[in-house]
Amino acid sequence: MAEQTSRAGTIVGLDLTVADAPGVRDFYASVIGWVSEPLNMGSYDDYMMLANGEPVAGVCHRSGGNADLPAQWLTYIAVDHLRASLAQVAEHGGEVLRAPTTTAPGGFALIKDPAGATLALMQNPYAR
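All of these numbers come straight from a predicted model, not from anything done at the bench.

Details of the pattern of salt bridges
- The full count for this structure, using the stated rule, is two salt bridges.
- Here Arg25 makes a salt bridge to Asp26, at a shortest N to O gap of 2.8 Å.
- Of the charged contacts, one joins Arg98 and Asp68 as a salt bridge, the two residues approaching to 2.6 Å between their closest N and O atoms. Separated by 30 residues along the polypeptide, Arg98 in strand β6 (residues 95–98) and Asp68 in the loop between β4 (54–61) and β5 (73–79) bring together distant segments of the chain.
- The exposure class of Arg98 is partly exposed, given its relative accessible area of 24%.
- Residue Asp68 is classed as exposed on the basis of its relative accessible area of 57%.

Here it is, written out as structure tokens:
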């Protein structure tokens with residue numbers, strides 16, 4: 001079993017939210033060779049994109065909680081203390097766009113950095 005260590009500061013996810021998730025899923029399958037695996041979201045499926053059998057990205061429907069996300073790749077970066085990191089965002093010229101629904105492992109918030117780039121901070125699932 002792999003050692004579970006802190007992944008703080010590392011990219012831990014990459015999602016693309018779009019109006020036509022099946023079409024974009026097929027685009028990346030054809031262009032890059034990714035294989036899609038449905039991810040049940042209740043009334044619809046999003047798609048986990050796999051390379052060599054390993055998850056590398058997600059292609060998601062612009063629906064529900066994702067309805068307001070721009071059609072751009074969203075990078076998730078792990079932090080050990082989500083609330084503490086969010087407290088630093090405004091202090092350093094950024095903006096919290098969406099507060100986390102939970103700060104449990106895997107909980108995330110959307111932020112904008114001082115240059116206007118959007119990213120997600122995710123509570124590190126391996127924080128000690």
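Description of the environment of Arg83
- By secondary structure assignment, the location of Arg83 is in helix α2 (residues 82–91).
- Distance in space between the C-alpha atoms of Arg83 and Thr102 is 9.9 Å, their sequence separation being 19 residues.

A closer look at the sheet that holds β6
- Spatial ordering of the open sheet is given by β2-β3-β4-β1-β5-β8-β7-β6, a layout of eight strands whose pairing is mixed. Two strands lie at the open edges of the sheet, namely β2 (35–40) and β6, each paired on one side alone. Direction aside, the axes of adjacent strands within the sheet are offset by 35° on average.
- Where β5 lies against strand β8 (residues 118–123), four bridges are found, and the strand directions are parallel. The residue bridging Val79 from the neighbouring strand is Gln123, located in β8.

A few points about the pairing of β8
- When you tally the buried positions in β8, you get six out of six residues, the bulk of the element.
- Side chains Thr118, Ala120 and Met122 project from β8 onto one buried face, and the interleaved Leu119, Leu121 and Gln123 project onto a second face that is buried too.
- Pairing analysis gives five bridges linking strand β7 (residues 108–112) to β8, with the strands arranged antiparallel. Bridging from a neighbouring strand, Lys112 pairs with Thr118 of β8.
- The turn joining β7 and β8, which pair antiparallel and follow one another in sequence, is formed by five residues; a positive phi near 100° is taken by Gly116.

Digging into the layout of surface pockets
- What the largest pocket holds in volume is close to 590 Å³.
- Lining the largest pocket are 25 residues, and of these Leu14, Asp15, Met48, Gly58 and Tyr76 sit closest to its centre.
- Contributions of two or more residues to the lining of the largest pocket are made by β1 (11–18), β3 (45–51), β4 and β5.
- The leading source of residues in the lining of the largest pocket is β4, at six residues.
- For the lining of the largest pocket, the per-class residue count stands at 16 nonpolar, five polar and four charged.

Here we look at the packing of aromatic side chains
- Tallied over the entire structure, the rule returns five aromatic pairs.
- Residues Tyr76 and Phe108 carry aromatic rings whose centres are separated by 5.3 Å and whose planes lie at 80° to one another, so their mutual orientation is edge-to-face. Taken together, the residues Tyr76 in strand β5 and Phe108 in strand β7 connect sequence positions 32 residues apart.
- Using a relative accessible area of 9% as the deciding quantity, one classes Tyr76 as buried.

About the cut-offs
- Residues numbered from 1 in each chain as written.
- Predicted model: local features only at pLDDT ≥ 70, side-chain atom pairs only at ≥ 80, totals over all residues.
- Heavy atoms only, no water.
- Salt bridge = Lys/Arg side-chain N within 4 Å of Asp/Glu carboxyl O.
- Helix = DSSP H or I, 4+ residues; strand = E, 2+ residues; numbered from the N terminus.
- Buried < 20%, exposed > 50% of the residue type's maximum accessible area, 1.4 Å probe, protein only.
- Pairing = 2+ DSSP bridges.
- Axes fitted to C-alpha atoms, helices over the stretch in contact; angles between N-to-C directions.
- 1 Å grid on protein atoms, 1.4 Å probe; cavity = no way out; pocket = protein on both sides within 12 Å on 5 of 7 lines; lining within 4 Å.
- Points joined across faces, edges and corners; volume = space filled by probe spheres on them.
- Nonpolar A, V, L, I, M, F, W, Y, C, P; charged D, E, K, R; others polar.
- Phe/Tyr/Trp six-rings, centres within 6.5 Å; stacked < 30°, edge-to-face > 60°.

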